[in-house]
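Listed below, chain by chain, are the residues.
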Amino acid sequence: EVIVVDDGSDECNCSMPSLYSAPYKYTFIRHEHSGLAPTRNFGAGMAQGDIHYFQADDVIPGAETLAEHRRSHEKNTNPIAVIGSLKYPAGLELDSFLWYLERSSHYDLYKDPGKYPQGSPPMPPLNGNSSISIELFRENSGFDESFKQYGGEDTEFGYRLKKKGIRFVYNPA
């Protein structure tokens, strides 16, 4: 099942998704612009599956991304959140800013676990390549909808999960 929620973008070609024929349940919804947290919660509320996979619009998943997320969930008996890597596209020439982000592991916080005293980020985000069981998502009320602008809602949700003892599993594949 794939649910795409457009957060009221200015450049939506909303007729295109209706032309797409998928071999799985596919839903495209244009949602009134309300920010990432409410939009993610809206889409998650429609989901029927047992695992939510969140992908940002600027992330291009690998062919095995979904299978890798599922494998991580199946290997763990206790509830977990799975964080995938956020790699730059092959062949992308990094300017000085992107080079800095890459070297500092700003977007891929798990890339260099040795930089953290406990071996993982103290406030792990549920970023643009992450998954969580629907049950765990709902038990923890999803993303805090008071976050209206871009950013912060994923880190805050990760923080709440970590405070409750939920383990974050990094799967770079």
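**Here's the deal with the nonpolar core**
What tends to happen in soluble globular proteins is that the nonpolar side chains get buried as a cluster.
Here is step 1 of the chain: The biggest cluster of nonpolar side chains holds 15 residues, and the ones touching the most others in it are Leu126, Ile132, Phe137, Phe143, Phe157, Leu161 and Phe168.
Here is step 2 of the chain: Those elements that provide at least two residues to this core are α2 (36–46), β4 (80–84), α5 (134–139) and α6 (153–163).

**Some details on the side chain of glutamate 153**
Here is step 1 of the chain: Structurally, glutamate 153 can be placed in helix α6.
Here is step 2 of the chain: Setting aside its immediate chain neighbours within four residues, glutamate 153 contacts Leu36, Ala37, Arg40, Phe143 and Phe147.

**Quick notes on the sheet that holds strand β6 (residues 167–171)**
Here is step 1 of the chain: Spatial ordering of the open sheet is given by β3-β5-β4-β6, a layout of 4 strands whose pairing is mixed. Strands at the two margins of the open sheet, each flanked by one partner only, are β3 (51–55) and β6. Each adjacent strand pair in this sheet contributes to an overall mean axis angle of 20°, direction not counted.

**Considering α6**
Here is step 1 of the chain: Residues of α6 that are buried include every one of Glu153, Asp154, Glu156, Phe157, Gly158 and Leu161, and no others.
Here is step 2 of the chain: Along its buried surface, α6 packs onto α2, β5 (129–133), α5 and β6.
Here is step 3 of the chain: Immediately downstream of α6, the backbone of glycine 165 shows phi near 90°, a positive value.

**Thoughts on the packing of aromatic side chains**
Here is step 1 of the chain: Applying the stated criterion to the full structure yields 5 aromatic pairs.
Here is step 2 of the chain: Between the aromatic rings of phenylalanine 137 and phenylalanine 143, the centroid separation amounts to 5.9 Å while the plane-to-plane angle is 65°, which identifies the pairing as edge-to-face. Take phenylalanine 137 and phenylalanine 143: they sit in the same class, and that class is buried.
Here is step 3 of the chain: Taking the centre distance of 5.7 Å and the plane angle of 85° together, the rings of phenylalanine 137 and phenylalanine 157 count as edge-to-face. Placement of phenylalanine 137 in helix α5 and of phenylalanine 157 in helix α6 is noted, with a sequence separation of 20 residues between them.
Here is step 4 of the chain: By relative accessible area, which is 5% here, phenylalanine 137 ends up buried.
Here is step 5 of the chain: By way of ring pairs, the aromatic residues Phe54, Phe137, Phe143 and Phe157 are connected into one cluster.
Here is step 6 of the chain: A cation sits over an aromatic face here: arginine 40 above phenylalanine 143, 5.1 Å from the ring centre.

**Some thoughts on the pairing of β4**
Here is step 1 of the chain: Buried residues dominate β4, accounting for 5 of its 5 residues.
Here is step 2 of the chain: The alternating pattern of β4 places Ile80, Val82 and Gly84 and Ala81 and Ile83 on opposite faces, both of which are buried.
Here is step 3 of the chain: Here 5 bridges tie β4 to β6, and the two strands are oriented parallel to one another. If you follow isoleucine 80 over to β6, its bridge partner there is arginine 167.

**With respect to the pattern of salt bridges**
Here is step 1 of the chain: Inspection of the entire model under this criterion finds 8 salt bridges.
Here is step 2 of the chain: Put simply, glutamate 68 and arginine 71 hold a salt bridge, and the shortest N to O gap is 3.0 Å. Placement of the pair is glutamate 68 and arginine 71 together in helix α3 (residues 65–75), with a separation of 3 residues, close to one helical turn.
Here is step 3 of the chain: In this structure, the salt-bridge partner of glutamate 156 is arginine 160, at a minimum N-O distance of 2.8 Å. Taken as a pair, glutamate 156 and arginine 160 lie in helix α6 at a separation of 4 residues, close to a single helical turn.
Here is step 4 of the chain: A single network of salt bridges, built from pairs that share partners, joins Asp50, Arg70 and Glu74.

Conventions we followed
Residues numbered from 1 in each chain as written. Predicted model: local features only at pLDDT ≥ 70, side-chain atom pairs only at ≥ 80, totals over all residues. Heavy atoms only, no water. Core = buried A, V, L, I, M, F, W, Y, C linked by side-chain atoms within 4.5 Å. Buried < 20%, exposed > 50% of the residue type's maximum accessible area, 1.4 Å probe, protein only. Helix = DSSP H or I, 4+ residues; strand = E, 2+ residues; numbered from the N terminus. Contact = heavy atoms within 4.5 Å. Pairing = 2+ DSSP bridges. Axes fitted to C-alpha atoms, helices over the stretch in contact; angles between N-to-C directions. Phe/Tyr/Trp six-rings, centres within 6.5 Å; stacked < 30°, edge-to-face > 60°. Lys NZ or Arg CZ within 6 Å of the ring centre and 35° of its normal. Salt bridge = Lys/Arg side-chain N within 4 Å of Asp/Glu carboxyl O.

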